[in-house]
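# Residue-level structure breakdown
Chain by chain, the residues:
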Amino acid sequence: MPFELVKEMFETLPVEKQSEVVDFVLFLYTENNKNKEKSKFPFDVFSGGLNYIAEDFDETPEGFEDYI
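A quick note: this is a predicted structure, and the numbers were derived from the prediction, not measured. (Residues numbered from 1 in each chain as written. Predicted model: local features only at pLDDT ≥ 70, side-chain atom pairs only at ≥ 80, totals over all residues. Heavy atoms only, no water.)

This paragraph deals with the layout of surface pockets. Space left empty within the atom packing is revealed by a probe, the size of a water molecule, rolled over the atoms. Of the volumes computed, that of the largest pocket is approximately 170 Å³. Contributing to the lining of the largest pocket are Met1, Phe3, Val6, Lys7, Met9, Phe10, Leu13 and Val21. Sort the elements by how many residues they give to the lining of the largest pocket and helix H1 (residues 3–12) lands first, with 5 residues. Residue composition of the lining of the largest pocket, by class: 7 nonpolar, no polar and 1 charged. (1 Å grid on protein atoms, 1.4 Å probe; cavity = no way out; pocket = protein on both sides within 12 Å on 5 of 7 lines; lining within 4 Å. Points joined across faces, edges and corners; volume = space filled by probe spheres on them. Helix = DSSP H or I, 4+ residues; strand = E, 2+ residues; numbered from the N terminus. Nonpolar A, V, L, I, M, F, W, Y, C, P; charged D, E, K, R; others polar.)

Below is the structure:
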């Protein structure tokens, strides 16, 4: 649908409905850009995925035996 047609249709709506259209467009824009905004933090340790887990991950560390 060409933008000019949408613009004409928008201008024929009452002000209350125009406001609803703007709100909906903002909602769609925000939803579309959510994933892009999440990846902006440069120090995200898991941004590339989890690459390594130590073989002894589930073992009790030395000196903590009394607490488990």
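Alright, that's what it looks like, and here's the rest.
The next point concerns a negative patch on the surface. Residues Glu55, Asp56, Asp58 and Glu59 make up a contiguous surface patch of negative charge. Looking at the secondary structure, you find Glu59 in the segment after helix H2 (15–38). A residue is classified by how much of its surface remains accessible, and Glu59, at 57% relative accessible area, is exposed. (Patch = residues over 30% accessible without salt bridge, like charges linked within 9 Å, V, L, I, M, F, W, Y side chains within 5 Å. Areas by Shrake-Rupley, 256 points an atom, 1.4 Å probe, with all protein chains shown as cover. Salt bridge = Lys/Arg side-chain N within 4 Å of Asp/Glu carboxyl O. Lys, Arg positive; Asp, Glu negative; His and termini not counted. Charge placed at Lys NZ, Arg CZ, Asp CG, Glu CD. Buried < 20%, exposed > 50% of the residue type's maximum accessible area, 1.4 Å probe, protein only.)

This part takes up the packing of aromatic side chains. The description of an aromatic ring pair rests on the distance of the ring centres and on the angle between the ring planes. Applying the stated criterion across every chain, the model contains 2 aromatic pairs. Ring centres of Phe64 and Tyr67 lie 6.2 Å apart, and the angle between their planes is 55°; on these two criteria the pair is classed as tilted. On the basis of relative accessible area, Tyr67 is assigned to the exposed category, the value being 69%. (Phe/Tyr/Trp six-rings, centres within 6.5 Å; stacked < 30°, edge-to-face > 60°.)

Okay, the environment of Glu65 next. By the element assignment, Glu65 lies in the segment after H2. At 3.0 Å, the side chain of Glu65 and the backbone nitrogen of Gly63 are in polar contact. (Polar contact = N/O pair within 3.5 Å; in protein donor to acceptor, adjacent residues only side chain to side chain.)

If you walk through the whole model with that rule in mind, you get 2 salt bridges. Its salt-bridge partner being Lys17, residue Glu20 comes within 3.8 Å of it at the nearest N-O pair. You can see Glu20 and its partner Lys17 sitting in helix H2, 3 residues apart, about one turn around the helix. On the basis of relative accessible area, Glu20 is assigned to the partly exposed category, the value being 47%. One salt bridge connects Glu31 with Lys34, and the closest N-O pair in it is separated by 3.0 Å. In this pair, Glu31 and Lys34 both sit in helix H2, 3 residues apart, roughly one turn of the helix. Lys34 gets classed as partly exposed once you look at its relative accessible area, which sits at 38%.

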